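Structural features, examined
As a plain string of letters, each chain reads:
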Amino acid sequence: MGTLHTKRIAFNTLFLYVRMLILMFVAFYTSRVLLKELGINDFGLYGIVGGIVAIFSSLRGLFATATQRFLNFEMGRNDTNGLNTIFNISLIINIIICIVFFICAEIIGLWFLENKLIIAPERMDAAKWAFHFSVLASMISILTIPFDALIIAHEKMSFYAYVSILDACLKLGVIFILPYFAIDKLKLYAALIVAVSLVIRFISSVYCKRNFPECKYRLCWDKKAFKEMGVFAGWNFAGNLAFALVNEGLNILLNLFGGVIANAARSIAYQVKSAITTMLSNIMIAIDPQATQLYAQGEKQKFYSLLFTASKIIVFFYLMLAFPLYFYIHEILQIWLGTIPQYAPEFIQAILIYLMIRSFHEPINTFFFIIGKLKLFQITELIILSLSLPISYSALKFCNLALQNIFYIMAIIELLNLIIILIWAKKIGQFNIKQYFYRVIIPYLKTFVCASITLYGIQAYFQQSKPSCIYFILLPIILSIIIFITITFLIGFSSKEKNAIKAILKK
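Residues numbered from 1 in each chain as written. Predicted model: local features only at pLDDT ≥ 70, side-chain atom pairs only at ≥ 80, totals over all residues. Heavy atoms only, no water.

As a further point, take the packing of helix α8 (residues 300-327) against helix α11 (residues 361-371). Across the interface, α8 lies against α11 with an axial gap of 9 Å and an inter-helix angle of 155°. The angle between α8 and α11 falls in the class roughly antiparallel. Counting all contacts with α8, which are made through Phe-303, Tyr-304, Leu-307, Ser-311 and Ile-314, the residues of α11 involved are Pro-363, Thr-366, Phe-367 and Ile-370. Class assignment of the residues belonging to the contact of α8 with α11 gives a composition of 7 nonpolar, 2 polar and no charged. (Axes fitted to C-alpha atoms, helices over the stretch in contact; angles between N-to-C directions. Helix = DSSP H or I, 4+ residues; strand = E, 2+ residues; numbered from the N terminus. Parallel < 35°, antiparallel > 145°, perpendicular 65-115°, else oblique. Contact = heavy atoms within 4.5 Å. Nonpolar A, V, L, I, M, F, W, Y, C, P; charged D, E, K, R; others polar.)

A few words now on the side chain of Asn-365. Take Asn-365: it is sitting in helix α11. Using a relative accessible area of 10% as the deciding quantity, one classes Asn-365 as buried. (Buried < 20%, exposed > 50% of the residue type's maximum accessible area, 1.4 Å probe, protein only.)

Moving on to helix α10 (residues 344-358). Under the 1.5 Å per step criterion, the end-to-end length of α10 is 20 Å for 15 residues, consistent within 8% with the ideal 21 Å. Taken as a whole, α10 has its buried residues at Ala-344, Pro-345, Phe-347, Ile-348, Gln-349, Ala-350, Ile-351, Leu-352, Tyr-354, Leu-355, Ile-357 and Arg-358. (Expected span 1.5 Å × (residues − 1).)

Moving on to the nonpolar core. Judged by nonpolar contacts, the single largest core of 148 residues is most densely connected at Ile-276, Phe-367, Phe-368, Phe-407, Phe-431 and Tyr-436. The element best represented in this core is helix α7 (residues 223-296), accounting for 24 residues. Discounting chain neighbours no more than four positions away, the residues touching Tyr-436 are Phe-308, Ser-311, Phe-360, Ile-364, Leu-422, Phe-431 and Ile-441. (Core = buried A, V, L, I, M, F, W, Y, C linked by side-chain atoms within 4.5 Å.)

Below, the discussion takes up the side chain of Ser-90. Summarising the element assignment, Ser-90 is placed in helix α3 (residues 80-115). A relative accessible area of 0% means that Ser-90 is categorised as buried.

Residues spaced three or four apart along an α-helix point in a common direction, a consequence of the helix completing one turn every 3.6 residues. Taking 1.5 Å of rise per residue, the 12 residues of helix α12 (residues 375-386) would be expected to cover 16 Å, and the 17 Å separating its terminal C-alpha atoms lies within 8% of that figure. Listed in full, the buried residues belonging to α12 are Phe-377, Gln-378, Thr-380, Glu-381, Ile-384 and Leu-385. End-on view of α12: buried residues confined to an arc of 155°, all on one side of the axis. The outward face of α12, more than 90 degrees from its buried face, is lined by the exposed residues Lys-375 and Ile-383. (Arc of directions from axis to C-beta.)

Positioned with a positive phi, Tyr-343 is a non-glycine residue whose angle comes to about 80°. Checked against the element boundaries, Tyr-343 lands in the loop between α9 (329-337) and α10. A residue is classified by how much of its surface remains accessible, and Tyr-343, at 25% relative accessible area, is partly exposed.

This brings us to the pattern of salt bridges. Within the structure shown, the criterion is met by 5 salt bridges. Between Arg-123 and Asp-184 there is a salt bridge, and its shortest N-O distance comes to 2.8 Å. In this pair, Arg-123 sits in the loop between α3 and α4 (124-153) while Asp-184 sits in the loop between α5 (157-177) and α6 (185-211), placing the two residues 61 residues apart along the sequence. Looking at Asp-184, the relative accessible area reads 23%, which means it is partly exposed. Linking Arg-358 and Glu-414 is a salt bridge whose minimum nitrogen-to-oxygen distance equals 3.1 Å. One end of the pair, Arg-358, is in helix α10; the other, Glu-414, is in helix α14 (residues 405-429), with 56 residues separating them in the sequence. Residue Arg-358 shares its accessibility class with Glu-414, and that shared class is buried. (Salt bridge = Lys/Arg side-chain N within 4 Å of Asp/Glu carboxyl O.)

As a further point, take the packing of aromatic side chains. Tallied over the full model, the rule gives 26 aromatic pairs. Judged by centre distance (5.9 Å) and plane angle (50°), the rings of Phe-308 and Tyr-436 are tilted. Placement of Phe-308 in helix α8 and of Tyr-436 in helix α15 (residues 433-465) is noted, with a sequence separation of 128 residues between them. Under the relative-accessibility criterion, Phe-308 is labelled buried at 1%. Taking the centre distance of 5.3 Å and the plane angle of 65° together, the rings of Phe-347 and Phe-407 count as edge-to-face. Here the residue Phe-347 occupies a position in helix α10, and Phe-407 occupies one in helix α14, the gap between them amounting to 60 residues. (Phe/Tyr/Trp six-rings, centres within 6.5 Å; stacked < 30°, edge-to-face > 60°.)

In short, shape yes, function no, at least from these values alone.
Laid out in C-alpha cells, this is it:
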C-alpha cells in the first residue's frame, strides 16, 4: 500500500479515535446522570421504547452504506456529474424510507407498545410520548444520511468527529436542564433529543453545501442508478432487519421475563456494547473509502491486503478492551455508576463473549458491500441471526434459564453465521479463506491463549488483596492493557506488520 494511503488512513483513524474517546466519556457519564435523573424504572422504560423504534430504524442504516459505496465508486472513476446524481437519488430514496419508517413505526410499533410490553399503567402516557418523539428523531436522522455519506466518502473525518462530539455534548446538556422544568422528565428528555437531531441535521447539510460541489439539489432521475442503489439497499435491509430484530427483539424478551429492571440493565450493557462496536467500526470507517476505490480501480491484491490487516487490527483491539472489562466488570461498574444495577454485570460479560465473535464480522461485511454481491449474504444473515429469538424465548419459557443466557445463545448463533458467510465469501467473491486463516485466525488464537492465561493470573493476584482505593482498582486494569499490547505485538503481528506499525508511530 502506498505511503500516501497509509498516512491518510492513520490520520483519519486518529481523528476518529479522538472522537471515540470523547464520545465514550460523554456517553458513559450521560448514562450515570440519566439513570440518576430518570430513575431505574424510567431509564429502563426509555430503553425498551427506544428498542421498538430501533427495530424499524434498520431502514435508516440500510441506505447509509449504499450511498457511501456508490459515492466512492464515482470518486474512483473521477465522475463529478455522477457524484451529484448519486447524491440526489439518495435524497429521493431516503424520503421514501422516511415515509415507510413512519407508517411501520406508528402502526406496528405503537400497537406493540400498547398491547404487548410490560409497562406500569400510570407510565403508559409518558411511554407513548417518548415513542412518538423517538420516531420523529429517527426520521430526522434518516434525512441526514446522504450528508453523512458525503462527509465519510470525502474522508473529512475531522468534521465528522467534531459533529459527533457536539451531538453527544448537546445530549448531555439536555440531561442537565431536566431538573429545571416541572414537567414529566421522560417526555421532556425525548422532546429535547428531537431538537438535538434537528441541530445536527442543519449543521451537516450546511457544511456539505459549502464544501462539496456535488451537494446541489436538482430534480434528476436515473433509473439505472435508482435500481442499483435500491437493490443494494434492499438486500442490505434484509441483513440489518435481522440484526435489529435480534438485538431489540431480545430486549422485548427481557421485558416480558424480567420487566423494566432487566431493560435498564440491558441499556447499561448495550452502552458498553455500543462504545466497543463504535471503536471497532471506526477502523473500517477510516479504511472503507480507500478499500472501495482500490476495488473499483482493479487493485485486488492491495484490496485484500488492506482487508486482512484491518481484520487483524479489529480483533486484537477488541481483545485489548474486552479482557479488562470481563475480569473487572464489578469494579468498573462501581466507579462508573456508583451503584450496580441488578443483572448488569452478568449481561455485560455475556455480551463480551458475543462481541468476541462479532468482531470478526465487520471486515467480512465490508467485503460483501464493496464487491456489491449482497443477495445470498443477506439472506443468510436474515435466516441464521433470526434463530436467536425463538431459541431464546424457548430457553426462558420452558427451561427457566437465567436471563443472561440469551446473549450466550446469540453468540453461538453468530459463530454459525460467521462460518457460513465465510464459505459464501469464497464461493461468490473468491475470498481466500486459507490466507485469512493463516493471517488472521491463527495469530488471534495464539494471542488469545497467551493473554488469557497471563491476565487471569493478574486478576487472581489482585483479587486476593481486595483493594478499596480507586488507584489500586485501576492499576490491574492498566497493567492488563499494557501486557496485552506487548503480547499482541510480539505474537500477533508478522515482521512486516511490525515494521509498518513502527513506521506509522514514527510519523
